[in-house]
Amino acid sequence: MPDPVLVELKRRLAQADQVDMSRHQFVNMERVREAAGDLWPSLRERVFVATRTIIERKVAEDDLIIPCATGFLVVFSGLSGDPAAKLTEKIRHDMERFFLGDADLAELSVESSSERLSVEEFRAALAAADAVDEDSAPVEPHKAAPQSAPDAISLAALSFEAAWDAHREAVASFLVRPRTLAERDGGWTPDLDGQLKRADDRLQFDLAVLRAVSRQLEALLAKGTRCGLITPAGFSSLSQPRTRSAYVTALCELPAEQRQLIWICIYGAPGDAPAATLTETGRIVRTHSPHLFIKAPLGAATLERYAQAGAGWIGAQLPARLTGAARADIDSFMAKARRHKVKVFLSGCDDWEAARGASRRGADLIIGRASGIHEEPTAPFRLSRNKLLARAA
């Protein structure tokens, strides 16, 4: 299948009366490659991911970014000549400052220098993945997380809720539900943003979940089978360039076969989130996840911003009891989703009434105790609608 970026580049060149080569600028990563030394083959993919994030923060949405062997070719749609060259130089400077250090730090009496980093220091800088825009607030020094922080220490286990596909009458994917040590008895929802208000806290928890999901997929693939895992990640972290870059970098480190089965579900995105932020977040996540899910409030006034973020699936959590008002909210939610031509997943379908209501209203994926909760993901299996309702009764 032709690369869509190259197809678009050919289309633009074909339509142009004359080619303005000053619109084509190259971000050279040679200095970074030299600093990486022998590590470059193993670190190249991660470096390219972090660099692309830096570039995306600077260029317009309709500018083309084309990865090459030693850097990125940027084709500007609205800039040419000196402005395009200056912006490209700024991108290169920010990229090298991120990986190689900043000479200006020496003037601030900070223990640093503009010398090239050692291999070990380069590895540490890359692991940090702090691709911060120069206008952003300074990054606080890393502090050891307290024992109560929801990192791998407090992640007790994962459970997997079968996602019943109403069209195929089968289960081929699972919603990942982490459980913390404080809530090992269940009842936890991945929407932790109310508890994890800091982006760094949410990031650490999401990374712990991602590592646990990777181990589950490794075991599953070793058995010769596969299924999709709908993996939660918080909007509070993914909406920030620095923490998003760290999460995407960790995702890209996983084997390609695993990445194809990790379907990111963004939790905690408010309906009034800035449209540009939500769209950018969705666009970047879609680049690294085959399917993008977004959880929205059941009573959301509109789903337009979620749809504009490029989500293929928009879903909501059903209340514990389906009142008349709740049923009206479900009907309204389904109508809004169909208007934007996106598929719908409904979680919290824990009993016969909820499963039947979600099915009758046309939900594409039904998730909850009705479809089954497992300690580990399984191979896909058939499950008719009648059996689904019988199990929920």
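For the structure itself, consult the block above.
Residues numbered from 1 in each chain as written. Predicted model: local features only at pLDDT ≥ 70, side-chain atom pairs only at ≥ 80, totals over all residues. Heavy atoms only, no water.

Draft legend 1. Molecular detail of the overall build of the protein chain. Scanning the protein chain from terminus to terminus reveals 14 helices and 13 strands. Each of the 393 residues in the protein chain was classed as buried or not, and the buried ones make up 47%. Taking the contacts inside the protein chain whose residues are at least 6 apart along the sequence as the reference set, 68% of them involve residues at least 24 apart. Just so you have it, the protein chain exposes about 19,400 Å², and 51% of that area is on carbon and sulfur atoms. (Helix = DSSP H or I, 4+ residues; strand = E, 2+ residues; numbered from the N terminus. Buried < 20%, exposed > 50% of the residue type's maximum accessible area, 1.4 Å probe, protein only. Contact = heavy atoms within 4.5 Å. Areas by Shrake-Rupley, 256 points an atom, 1.4 Å probe, with all protein chains shown as cover.)

Draft legend 2. Expanded view of unusual backbone geometry. Residues other than glycine seldom take positive phi values, yet Glu-169 does so here, at roughly 50°. Along the chain, the position of Glu-169 falls in the loop between β4 (155-165) and β5 (170-180). Glu-169 gets classed as partly exposed once you look at its relative accessible area, which sits at 33%. Here the phi dihedral of Lys-341 falls at roughly 60°; this positive angle occurs in a residue that is not glycine.

Draft legend 3. Representation of the pairing of strand β6 (residues 228-234) in the model. Among the seven residues in β6, seven count as buried, and that is most of the element. Judged from the six bridges that link them, β6 and strand β7 (residues 262-267) form a sheet pairing that is parallel. Paired with Pro-232 across the two strands is Cys-265, which belongs to β7. (Pairing = 2+ DSSP bridges.)

Draft legend 4. Highlighting the nonpolar core. Ile-314 and Leu-346 are the most contacted members of the largest nonpolar core, which totals 68 residues. Once residues within four sequence positions are removed from consideration, Leu-346 is found in contact with Ala-316, Leu-318, Ile-330, Ala-358, Ala-363, Leu-365, Ile-366 and Ile-367. The next biggest cluster of nonpolar side chains, apart from the first, holds 23 residues, and it includes Val-32, Leu-39, Ile-91 and Phe-99. (Core = buried A, V, L, I, M, F, W, Y, C linked by side-chain atoms within 4.5 Å.)

Draft legend 5. The packing of aromatic side chains, seen in detail. The tally for this structure, following the rule as stated, stands at four aromatic pairs. Measuring from centroid to centroid gives 6.4 Å for Trp-263 and Phe-293, while their planes differ by 10°, and the two rings are stacked. Placement of Trp-263 in strand β7 and of Phe-293 in strand β8 (residues 292-295) is noted, with a sequence separation of 30 residues between them. Considered together, Trp-263 and Phe-293 belong to a single accessibility category, that of buried residues. Centre to centre, the rings of Phe-293 and Trp-313 are 5.3 Å apart; their planes meet at 5°, and the pair counts as stacked. Linking Phe-293 in strand β8 with Trp-313 in strand β9 (residues 313-317), this pair joins segments that are 20 residues apart in sequence. For the pair shown, Phe-293 and Trp-313 are each scored as buried. Positioned over the ring face of Phe-48 is Arg-44, at 4.1 Å from the centre of the ring. (Phe/Tyr/Trp six-rings, centres within 6.5 Å; stacked < 30°, edge-to-face > 60°. Lys NZ or Arg CZ within 6 Å of the ring centre and 35° of its normal.)

Draft legend 6. Spatial organisation of the pattern of salt bridges. Tallying each qualifying case throughout the model produces 18 salt bridges. As a salt-bridge pair, Arg-242 and Asp-200 come within 3.1 Å of each other at their nearest N and O atoms. Placement of the pair is Arg-242 in helix α8 (residues 241-253) and Asp-200 in helix α6 (residues 199-222), with a sequence separation of 42 residues. Overall, the relative accessible area of 22% leaves Arg-242 in the partly exposed class. Three or more residues are tied together by salt bridges with common partners; here these are Arg-198, Asp-200, Asp-201 and Arg-242. (Salt bridge = Lys/Arg side-chain N within 4 Å of Asp/Glu carboxyl O.)

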